[in-house]
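Tertiary structure, described
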Amino acid sequence: MPGVRPILRHLRSWKWKGLSGRFREERGSALVLVMFIVLLLTILGLSVLTAAVGGAQRTETRKNDVQSLHLAEKTLDEAVAYITASLNSKVKDSVDMSQAEVDAEIDMFLKSLKGSIDDPDQSVKSSALFASTDLQQAGGERAVGTIIDVVPHTTKQGDSVSYTLTLTAQAEVNGVIRKLTQNVVIDTYPDFLKYTLGSEGNLTINGSPYIKGNIYAGNTLTISDTARYIYNNDRAYISEPFELVGEAHVQALDKLVYMKGNQKFTGNAVSEKVIPAANVKIKNHRSFVEVNVKSSFIDKVEEAIGSGASRQRIQENIDNGTLAGYLTSSYKAIFDNPGVLPPKPDPADTSDAGKELIAKYDDIKNRLTAPTRSVVYKGDLTLDGTELTGINYTNKGGDGSSTDPHYWYIVDGNLTIDNEGGPNSVKVRANILVTGKVEIRGEVEFDSTIYVLKDSTKDIEDFTTIVEDASIKGLNNKELVLISQGQILINRLAAFDNNEPKPLAAFFYTDSDAKLYGVGSIFSLSGGFFAKGDLTINAVRGIATGNNLGINIQSNNLIRFKAIYNDQIFTDQKAGLPRVKAINIRVEELKLE
């Protein structure tokens with residue numbers, strides 16, 4: 001059919017034209033795709049760049065934040081160092097001042113720090129807290145840390161014995177500002193007075209005592225459920241529970257040990273067994289404010305003499321055994337020297353010679369038992385509850401200003417208070433210095449601080465201070481503070497008695513080791529006991545009876561060893577307490593504002 005071929009050619013031409021047009025229509029899509037991909041990559045690049053820049057900025061900000069915190073902390077450290085140095089200087093110069101005047105000086109200094117922050121241009125600026133840190137940064141800017149607030153206030157512990165400062169430091173690094181606050185606690189008493197039981201060495205507590213107050217171990221604190229004692233032979237008795245109502249201050253967690261039978265637990269495991277973790281505190285012994293008994297003894301002789309005292313001469317005469325002669329010859333106007341009490345005259349002798357003997361006897365007795373100024377006694381003195389019924393100062397002195405005399409009763413020899421079987425208590429209201437040994441027996445009432453200078457060997461039988469079959473009560477609700485250079489023996493208190501006695505109203509300190517028992521005896525203490533050496537406690541609970549075979553213990557709730565802290569010693573005995581040559585300063589945790 002001749003007409004068909006042209007038509008086919010037309011159709012083919014139309015199809016190719018259609019395809020060609022479609023290709024022309026889709027030719028721009030590649031450009032759009034390329035542009036979309038470029039845009040996507042650009043966005044991704046910008047996102048990466050933004051993230052990188054933002055990360056760098058955050059890193060810089062974080063670096064500035066950390067640096068400002070460190071700078072604020074460094075400023076607080078400098079403030080504490082300045083306060084410590086300033087107060088130590090004041091304490092060092094306060095030998096002739098009373099404790100009340102030292103406290104007033106500290107209080108005035110701390111309040112001046114607050115004033116300097118409020119008004120930097122005021123006249124007391126020389127006493128201000130100038131603690132700031134100024135550092136040069138890499139870019140040339142200055143990074144500055146300053147103390148912006150000081151809040152002083154008094155912490156009461158009996159009397160005003162400590163002060164707390166709240167310091168606030170602010171630091172700025174490249175516009176980033178941070179503030180830190182820290183409490184600083186300050187006092188001038190040695191640390192041992194703040195604990196119910198403690199040792200600068202090892203503190204070992206065996207068995208089941210009851211302790212109310214804080215305890216301290218300068219090396220290792222070991223707690224065991226097995227009490228050990230000697231009665232005819234060596235004995236051991238398992239007794240629980242260990243009770244501590246207070247904190248345990250240790251050097252580190254690995255220095256805290258608990259022995260249950262043959263099982264040994266340390267660190268946090270001890271907290272699960274006997275002491276809650278919140279009651280375990282770390283106190284580094286390097287910050288422990290110690291006391292030296294001999295140095296404190298000399299301090300008190302200086303106080304008794306007053307101005308013009310020669311510390312070197314005092315020490316020389318103590319070492320030579322001539323203290324009484326030196327004081328009575330050089331300071332006759334200050335010290336009374338009653339002499340030795342003669343035998344009691346016959347009251348029926350009414351002759352002139354007899355009356356003279358009675359008058360002399362009464363005079364010496366009155367000067368020994370009711371002194372009106374500092375006393376020096378050469379030789380061994382015995383308060384027997386019959387002839388010498390005690391020592392009673394109407395005013396012990398030393399509680400007020402430096403013009404208030406510091407009366408001390410100095411025994412250049414041994415002091416024995418032996419009132420066993422006496423109908424009345426021996427009453428002692430005096431601060432006493434003893435160059436020899438001290439023995440206390442029977443019922444005695446104390447309002448007294450006693451220093452016992454005689455040293456002792458490590459021989460277990462050689463004791464500087466012996467408290468035996470004694471009942472120590474507080475006179476007028478006060479107490480005894482006894483500070484002994486040598487070993488202390490506290491023995492046979494309520495032996496095999498199963499009725500709880502009244503506690504000993506006393507605080508004991510020894511420069512040596514010590515062991516205390518609440519097994520056959522009942523040891524009850526209202527005060528504290530601290531040893532510079534090792535202190536070991538052995539205690540059980542129950543009824544105790546003794547026989548030839550040993551001690552028989554029937555377990556019940558009777559506590560045979562109880563020690564409860566008494567913070568009133570700071571008020572009651574502040575004139576007699578040992579002074580330290582440096583302040584005790586404790587910094588608490590940092591707080592971020």
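Placed above this text is the structure.
Let me sum up the structure you'll find in this document. The numbering scheme is per chain: residues are counted from 1 as the chain's sequence reads. Owing to the predicted nature of the model, reporting of local features is limited to residues with pLDDT of at least 70; listing and counting of side-chain atom pairs is limited to 80 or more, with chain, interface and lining totals taken over all residues. Note that water and hydrogens are dropped before the side-chain values are worked out from all heavy atoms of the structure.

Considerations on the overall build of the protein
For clarity, the cut-off: Only runs of H or I of at least four residues qualify as helices and only runs of E of at least two qualify as strands under DSSP, and these elements are numbered from the N terminus. Whether two residues are in contact is decided by their heavy atoms, any of which lying within 4.5 Å being enough. Where accessible areas are quoted, they stem from the Shrake-Rupley method and a 1.4 Å probe; at the residue level, only the protein chains shown are allowed to cover.
Secondary structure assignment for the protein yields 9 helices and 36 strands. Across the protein, contacts joining residues at least 24 apart in sequence account for 64% of those joining residues at least 6 apart. Of the roughly 29,100 Å² that the protein leaves accessible, carbon and sulfur atoms contribute 52%.

Thoughts on helix H7 (residues 323-330)
Formally: Whether a residue is buried, partly exposed or exposed follows from its accessible area with a 1.4 Å probe, protein chains only, as a fraction of its type maximum: under 20%, in between, or over 50%, in that order.
Buried within H7 we find Leu323, Ala324, Tyr326, Leu327 and Thr328. Packed against the buried residues of H7 are helix H5 (293-305), helix H6 (311-320), strand E17 (375-378) and strand E20 (409-412).

A look at the pattern of salt bridges
Our working rule: When a carboxyl oxygen of Asp or Glu lies within 4 Å of a side-chain nitrogen of Lys or Arg, that pair is called a salt bridge.
The tally for this structure, following the rule as stated, stands at 28 salt bridges. Measuring nitrogen to oxygen at the nearest pair gives 2.6 Å for the salt bridge that ties Asp299 to Arg311. One end of the pair, Asp299, is in helix H5; the other, Arg311, is in helix H6, and 12 residues separate them in sequence. By relative accessible area, which is 9% here, Asp299 ends up buried. Residue Arg311 is classed as partly exposed on the basis of its relative accessible area of 27%. The partner of Asp336 in a salt bridge is Arg373, with the nearest N and O atoms 3.9 Å apart. Taken together, the residues span a long stretch of sequence, with Asp336 in the loop between H7 and helix H8 (352-369) and Arg373 in the loop between H8 and E17 at a distance of 37 residues.

Some thoughts on the side chain of Lys300
Its location among the elements puts Lys300 in helix H5. Accessibility expressed as a relative area gives 1% for Lys300, which makes it buried. In contact with Lys300, other than residues within four places in its own chain, are Trp408, Leu433, Tyr451, Ala575, Gly576, Leu577, Pro578 and Arg579.

Re the pairing of strand E33 (residues 550-559)
On a regular strand, each side chain points to the face opposite its neighbour's, so the side chains alternate between the two faces of the sheet. Threshold: Here the rule is simple: two strands pair whenever DSSP picks up at least two bridges between them.
In terms of strand pairing, strand E32 (residues 541-547) meets E33 through 6 bridges, oriented antiparallel. Along E33, the bridge assignment pairs Ile543 with Gln554.

A word on a nonpolar patch on the surface
To keep it simple, the criterion reads: Excluding any residue in a salt bridge, patches collect residues exceeding 30% relative accessible area, merging like charges within 9 Å and nonpolar Val, Leu, Ile, Met, Phe, Trp and Tyr side chains within 5 Å.
Taken together, the side chains of Leu33, Phe36, Ile37, Leu40, Leu41 and Leu44 define a hydrophobic patch exposed on the protein surface, amounting to about 600 Å² of accessible area. Along the polypeptide, Leu44 turns up in helix H2 (residues 29-92). When its relative accessible area of 47% is taken as the criterion, Leu44 is described as partly exposed.

Overview of the sheet that holds strand E29 (residues 514-518)
As a reminder of what qualifies: Between N-to-C directions, angles cover 0 to 180 degrees, with each direction set by a line fitted to C-alpha atoms, over the stretch in contact for helices.
As summarised here, the arrangement of the 6 strands in space is E15-E14-E9-E6-E31-E29, forming an open sheet in which the pairing is mixed. Here the strands that pair on one side only, and so sit at the sheet edges, are strand E15 (263-266) and E29. Each strand axis lies, on average, 15° off the axis of its neighbour in the sheet, ignoring direction. Pairing of E29 with strand E31 (residues 535-539) involves 5 bridges; the strand directions are parallel. Across the sheet, residue Tyr517 finds its bridge partner in E31, namely Asn538.

A closer look at the nonpolar core
We apply this condition: Definition used in this section: a nonpolar core is a set of buried Ala, Val, Leu, Ile, Met, Phe, Trp, Tyr and Cys residues joined via side-chain atoms within 4.5 Å.
In terms of nonpolar packing, the biggest core is built from 68 residues, with Leu221, Ile432, Ile490, Phe508 and Phe529 touching the most fellow members. The dominant element in this core, judged by the number of residues it contributes, is strand E24 (residues 438-452), at 6 residues. Not counting chain neighbours up to four residues away, the residues in contact with Leu221 comprise Leu203, Ile205, Ile215, Ala248, Val250, Lys255, Leu256 and Val257.

Considering the packing of H5 against H6
The line we're drawing: The cut-offs work like this: below 35 degrees is roughly parallel, past 145 is roughly antiparallel, 65 to 115 is roughly perpendicular, and the gaps in between are oblique. For any helix crossing, the convention is left-handed if the near helix is rotated counterclockwise from the far helix by under a right angle, and right-handed if that rotation is clockwise. Polar here means any residue outside two lists: the nonpolar Ala, Val, Leu, Ile, Met, Phe, Trp, Tyr, Cys and Pro, and the charged Asp, Glu, Lys and Arg; Gly therefore counts as polar.
In contact at an axis separation of 10 Å, H5 and H6 are set at 120° when each is read in the N-to-C sense. The pairing of H5 with H6 is recorded here as oblique in orientation. Viewed along their axes, H5 and H6 form a crossing whose handedness is right-handed. Within the contact between the two elements, H5 uses Lys294, Ser295, Phe297, Ile298, Asp299, Val301, Glu302 and Ile305 and H6 uses Arg311, Ile314, Gln315, Ile318 and Asp319. The residue inventory of the contact of H5 with H6, partitioned by class, reads 6 nonpolar, 2 polar and 5 charged.

What about H5?
Heads up, the rule is: How far a helix is expected to stretch is found by multiplying one less than its residue total by 1.5 Å.
Between its first and last C-alpha, H5 extends 19 Å over 13 residues, near the 18 Å set by a 1.5 Å rise per residue. Counting buried positions along H5 gives 11 out of 13 residues, so the element sits mostly inside the fold. Along H5, the residues classified as buried are Val293, Ser296, Phe297, Ile298, Asp299, Lys300, Val301, Glu302, Glu303, Ala304 and Ile305. Residues of H5 that are buried in the fold lie against H6, H7, strand E23 (432-434), E24, strand E26 (480-484) and strand E28 (504-510).

Some words on the packing of aromatic side chains
The condition that has to hold: Centre distance within 6.5 Å is the pairing criterion for rings of Phe, Tyr and Trp, where only the six-membered ring of Trp is used; planes under 30 degrees apart are then read as stacked, over 60 as edge-to-face, and the remainder as tilted. Either the NZ atom of lysine or the CZ atom of arginine qualifies as a charge over a ring when it sits within 6 Å of the ring centre and within 35 degrees of the ring normal.
Tallying each qualifying case throughout the model produces 17 aromatic pairs. Arranged with centres 6.3 Å apart and planes meeting at 25°, the rings of Tyr216 and Phe530 form a pair that is stacked. Taken together, the residues span a long stretch of sequence, with Tyr216 in strand E8 (residues 215-217) and Phe530 in strand E30 (residues 523-531) at a distance of 314 residues. Seen in terms of ring centroids, Phe508 and Phe529 are 5.9 Å apart; in terms of plane orientation they differ by 35°. Their pairing is tilted. With a gap of 21 residues between them, Phe508 in strand E28 and Phe529 in strand E30 connect regions that are remote in the sequence. The pair formed by Phe508 and Phe529 is uniform in burial state, with each residue classed as buried. The rings of Phe192, Tyr195, Tyr216, Phe288, Phe507, Tyr509 and Phe530 are connected pair by pair, giving a single aromatic cluster. The lysine or arginine in question, Lys562, covers the ring of Tyr210, its NZ or CZ lying 5.9 Å from the ring centre.

Quick notes on the side chain of Thr435
This is how it is decided: We call two N or O atoms a polar contact when they sit within 3.5 Å, provided that within protein one can donate a hydrogen and the other can accept it, with sequence-adjacent residues counted only if both atoms are side-chain atoms.
Mapped onto the elements of the fold, Thr435 is located in the loop between E23 and E24. At 2.9 Å, the side chain of Thr435 forms a polar contact with the backbone nitrogen of Gly413. Other than its neighbours up to four places away in sequence, Thr435 contacts Phe297, Leu323, Val411, Asp412, Gly413, Leu453 and Lys454.

A closer look at the pairing of E26
Where burial is concerned, most of E26 is hidden: 5 out of the 5 residues are buried. On E26, burial covers both faces: Leu480, Leu482 and Ser484 on one face and Val481 and Ile483 on the other are all buried. Bridge count between E24 and E26: 5 bridges; the pairing is parallel. When the sheet's bridge partners are listed, Ser448 is paired in E26 with Leu480.

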